[in-house]
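# Examination of the molecular architecture
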Amino acid sequence: MKNVKTNDLVKVSFFVAIIVLLAATPFLGYIPLGFTRATIIHIPVIIGSILLGPFYGAFLGFVFGLTSLINNTFNPTVTSFVFTPFYSIGTSSGNFWSLVICFVPRILVGVVPYYLYKGMKKIKNNDVLALSVAGVGGSLTNTLLVMNGIYLFFGQSYAQAKNVGFSTLYGVILTVIGINGVPEAIVAGILTTAIGKVLLKYTNRAVLS
């Protein structure tokens, strides 16, 4: 039991290192798009969730959120106030809800894929299908919760920052989901399947040996 726990902690440390490395690498972890950022940091969180379970997955999601908080505080865009309470632009400033948007969706990215993977395996015992669904679902968990959280808690301020009317804001948010969220989800599904399949084989061999 002690060896298993130590092994899990080593794996968690490995995934944390990947998350931090991606976050610290310009144009890789957080990809600037001018008005916002795309990301691939959710992918190690998703894979870690599947391999290590929802508890460690949630911790990895917290680390993801922490890197987002730091990045938006020290390297902000015009809409960074929705992710950090320590940044303001004009009359728009972050607050407690910034922390909710920054952390809650990312923590759930470390929880939802585990249950999607396990659920799909029960329906159809196919790793490729289960991994791809978990990857897409984990990515969309982040995108949908973040963007809807922005609309709910920062609608007026976000509309002002993007120079659009509040009445048209949700259409803008749907556009961001389509342009950023859908490609991110497709990439997450592909990479989660490719990497997860290899790591699951390695993990199963390690358990059997």
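Worth saying up front: this structure is predicted, and the values here are computed from it rather than measured.

If you check UniProt for "transmembrane region" (unreviewed entry), the listed places come out as residues 12–33, 45–70, 96–116, 128–154 and 169–195 in our numbering. When the span residues 45–70 is considered, its composition is 96% helix and 0% strand, and the gap between its end C-alpha atoms is 18 Å. The distance from the first to the last C-alpha atom of residues 169–195 is 37 Å, and the span holds 100% helix and 0% strand.

Our focus in this paragraph is the packing of helix H2 (residues 42–52) against helix H3 (residues 54–74). Where H2 meets H3, the closest approach of the two axes is 7 Å, and the angle between their N-to-C directions is 165°. With respect to their mutual orientation, H2 and H3 come out roughly antiparallel. Regarding H2 and H3, the two cross each other, and that crossing is right-handed. Contact residues: H2 offers His42, Pro44, Val45, Gly48, Ser49 and Leu52, while H3 offers Pro54, Tyr56, Gly57, Leu60, Gly61 and Phe64. Among the residues making up the contact of H2 with H3, the classes are represented as seven nonpolar, five polar and no charged.

Attention now goes to the packing of H2 against helix H5 (residues 112–123). In contact at an axis separation of 8 Å, H2 and H5 are set at 55° when each is read in the N-to-C sense. In terms of orientation, H2 lies oblique with respect to H5. In this structure, H2 meets H5 at a crossing whose hand is right-handed. Packed against H2, whose contacting residues are Ile46, Ser49 and Ile50, the element H5 presents Pro113, Tyr114 and Tyr117 at the interface. For the contact of H2 with H5, the per-class residue count stands at five nonpolar, one polar and no charged.

With 25 residues, the main nonpolar core has Ile19, Ile41, Val45, Ile50, Leu60 and Tyr117 as its most contacted residues. At the level of elements, helix H1 (2–24), H2, H3, H5, helix H6 (127–161) and helix H7 (166–208) are the ones that each hand at least two residues to this core. The element best represented in this core is H2, accounting for six residues. Filtering out sequence-adjacent residues up to four positions away, isoleucine 41 remains in contact with Ile19, Leu22, Ala23, Gly29, Tyr30, Phe64 and Thr67.

Enumeration over the complete set of coordinates arrives at nine aromatic pairs. Taking the centre distance of 5.6 Å and the plane angle of 70° together, the rings of phenylalanine 14 and phenylalanine 15 count as edge-to-face. On the basis of an interplanar angle of 70° and a centroid distance of 5.9 Å, the ring pair of phenylalanine 81 and phenylalanine 154 is categorised as edge-to-face. On the criterion of sequence distance, the pair formed by phenylalanine 81 in the loop between H3 and strand E3 (88–89) and phenylalanine 154 in helix H6 is long-range, its members being 73 residues apart. By relative accessible area, phenylalanine 154 is classed as buried at 4%. Site record: aromatic cluster; members linked through ring pairs are Phe96, Trp97 and Phe153. Sitting over the face of the ring of phenylalanine 64, arginine 106 holds its NZ or CZ atom 4.8 Å from the ring centroid.

The rules behind the values
Residues numbered from 1 in each chain as written. Predicted model: local features only at pLDDT ≥ 70, side-chain atom pairs only at ≥ 80, totals over all residues. Heavy atoms only, no water. UniProt positions renumbered as here; feature names shortened; annotations may be inferred. Helix = DSSP H or I, 4+ residues; strand = E, 2+ residues; numbered from the N terminus. Axes fitted to C-alpha atoms, helices over the stretch in contact; angles between N-to-C directions. Parallel < 35°, antiparallel > 145°, perpendicular 65-115°, else oblique. Left-handed = near helix turned anticlockwise from the far one by under 90°. Contact = heavy atoms within 4.5 Å. Nonpolar A, V, L, I, M, F, W, Y, C, P; charged D, E, K, R; others polar. Core = buried A, V, L, I, M, F, W, Y, C linked by side-chain atoms within 4.5 Å. Buried < 20%, exposed > 50% of the residue type's maximum accessible area, 1.4 Å probe, protein only. Phe/Tyr/Trp six-rings, centres within 6.5 Å; stacked < 30°, edge-to-face > 60°. Lys NZ or Arg CZ within 6 Å of the ring centre and 35° of its normal.

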